[in-house]
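Residue-level structure breakdown
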Amino acid sequence: MPNLISGPGITEFFRDGFQHTAWRWETRRAYGVAHETEDLQRFLRGEPPVPGPARPWLVTMASLEEEGKRVERVRVIDEPATDYQRWLLEDVADSVAAGEDIRYLSRTEADRLDVPMRDFWLFDSRTIGLFHFDGDRSLGMELSDDPAAVLQGCQIRDAAWHYARPARELTGPVRSSM
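Scope of this entry: the structure provided in the associated data block. (Residues numbered from 1 in each chain as written. Predicted model: local features only at pLDDT ≥ 70, side-chain atom pairs only at ≥ 80, totals over all residues. Heavy atoms only, no water.)

**Side note on the packing of helix 1 (residues 8-16) against helix 3 (residues 56-66)**
The cut-off we apply is this: Axis definition: a line fitted to C-alpha atoms, over the contacting stretch in the case of helices. Angles run 0 to 180 degrees between N-to-C directions. Strands are runs of DSSP state E lasting at least 2 residues, helices are runs of H or I lasting at least 4, and numbering of each runs from the N terminus. An angle below 35 degrees is treated as roughly parallel, one above 145 as roughly antiparallel, one from 65 to 115 as roughly perpendicular, and anything else as oblique. In this analysis, two residues are considered to be in contact whenever any of their non-hydrogen atoms come within 4.5 Å of each other. Residues are grouped as follows: nonpolar covers Ala, Val, Leu, Ile, Met, Phe, Trp, Tyr, Cys and Pro; charged covers Asp, Glu, Lys and Arg; every other residue, Gly included, is treated as polar.
Between helix 1 and helix 3, the shortest axis-to-axis distance is 10 Å and the interhelical angle comes to 10°. By the angle between their axes, helix 1 is roughly parallel relative to helix 3. Packed against helix 1, whose contacting residues are Thr11, Phe14 and Arg15, the element helix 3 presents Pro56, Trp57, Thr60, Met61 and Leu64 at the interface. Here the residues of the contact of helix 1 with helix 3 are counted per class, giving 5 nonpolar, 2 polar and 1 charged.

**Things to note about the side chain of Arg42**
Rules: Here a polar contact is taken to be a pair of N or O atoms separated by no more than 3.5 Å, where protein atoms must pair a possible hydrogen donor with a possible acceptor and residues adjacent in sequence count only if both atoms sit in side chains.
For Arg42, the location among the structural elements is in helix 2 (residues 37-44). At 2.6 Å, the side chain of Arg42 forms a polar contact with the side chain of Asp39. Apart from the residues lying within four places of it in its own chain, the contact partners of Arg42 are Glu47, Pro48 and Val50.

**Considering the pattern of salt bridges**
Heads up, the rule is: Any Lys or Arg side-chain nitrogen located within 4 Å of an Asp or Glu carboxyl oxygen qualifies as a salt bridge. Under the scheme applied here, a residue whose accessible area is under 20% of the maximum for its type counts as buried, over 50% as exposed, and between as partly exposed, the area being computed with a 1.4 Å probe on protein chains only.
Within the structure shown, the criterion is met by 22 salt bridges. Residues Glu67 and Lys69 are paired through a salt bridge, measuring 3.5 Å at the closest nitrogen-oxygen approach. Overall, the relative accessible area of 47% leaves Glu67 in the partly exposed class. For Lys69, a relative accessible area of 14% corresponds to the buried category.

**Considering the sheet that holds strand 2 (residues 70-77)**
Let me state the cut-off plainly: One requirement defines pairing of two strands: DSSP has to find at least two bridges between them.
Here 7 strands make up an open sheet; going across it, the order is 6-5-4-1-2-3-7 and the pairing mixed. Edge positions in the sheet fall to strand 6 (137-144) and strand 7 (165-166), since each of these pairs with one other strand and no more. As paired elements, strand 5 (residues 127-134) and strand 6 share 7 bridges and run antiparallel to each other. Bridge pairing in strand 6 places Gly129 opposite Leu143. Relative to strand 3 (residues 101-106), helix 4 (residues 83-98) is tilted by about 155°, and along the sheet it contacts strand 1 (21-26), strand 2 and strand 3.

**Things to note about the nonpolar core**
Selection rule: The criterion is simple. A nonpolar core is a set of buried Ala, Val, Leu, Ile, Met, Phe, Trp, Tyr and Cys residues joined through side-chain atoms within 4.5 Å.
Counting residues in hydrophobic clusters, the biggest one holds 19 residues, and the most contacted among them are Trp23, Trp25, Val74, Leu105, Phe120, Leu122 and Ile128. Not counting chain neighbours up to four residues away, the residues in contact with Leu105 comprise Trp25, Val74, Arg75, Val76, Ile77, Ala110, Leu113, Ala160, Tyr163 and Ala164. In this structure, Phe18, Ala22, Leu58 and Phe131 belong to the second largest nonpolar core, which totals 15 residues.

**Describing helix 1**
Going by this rule: Think of it as the arc spanned by the lines of direction from the helix axis to the C-beta atoms.
Inspection of helix 1 places Ile10, Thr11, Phe13 and Phe14 among the buried residues, and these make up the whole buried set. The buried residues of helix 1 occupy an angular sector of 155° when the element is viewed end-on, so they sit on one face. Away from its buried face, by an angle of more than 90 degrees, helix 1 presents the exposed residues Pro8 and Asp16. Among the structural elements, strand 1, helix 3, strand 2, strand 4 (120-123), strand 5 and strand 6 are those in contact with the buried residues of helix 1.

Function cannot be read off these values alone, since they describe shape.
Next comes the structure, spelled out in structure tokens:
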């Protein structure tokens, strides 16, 4: 098994792990993240979200924006969206407010682009962080500077970003009771 960075270690990596840009390709229909379970269940019951501006990830994103670093991601979304994807749409405003530029690409469009559906982070177009999963649960991110893997990540980024829509175009009423 490769050396993996996981959970809080990924957030920590963002503090010093890149100089200019971080870009995420997020393709899964759901992620089994333990600390998200309660918020997701609350959403599914139709309860309002609990604001979380002090979450470590959001604090890190705000700090990176202040430093002039860019953090972007494209999330592949199904039509219709899965419960998890709808919950992420409801929660995306906090991330955008903290400085992330999050966009969405329909799975149909991603399939048309014929790009691999493997989650990763791309750092400064030089390093790729490939995610490993056990079902929906992330085992962590494997860092690599392999030129072929980084090039593929850059090509996915360039294709997906061009067609992806900003989160604000998709947000609105996404309550679970709809």
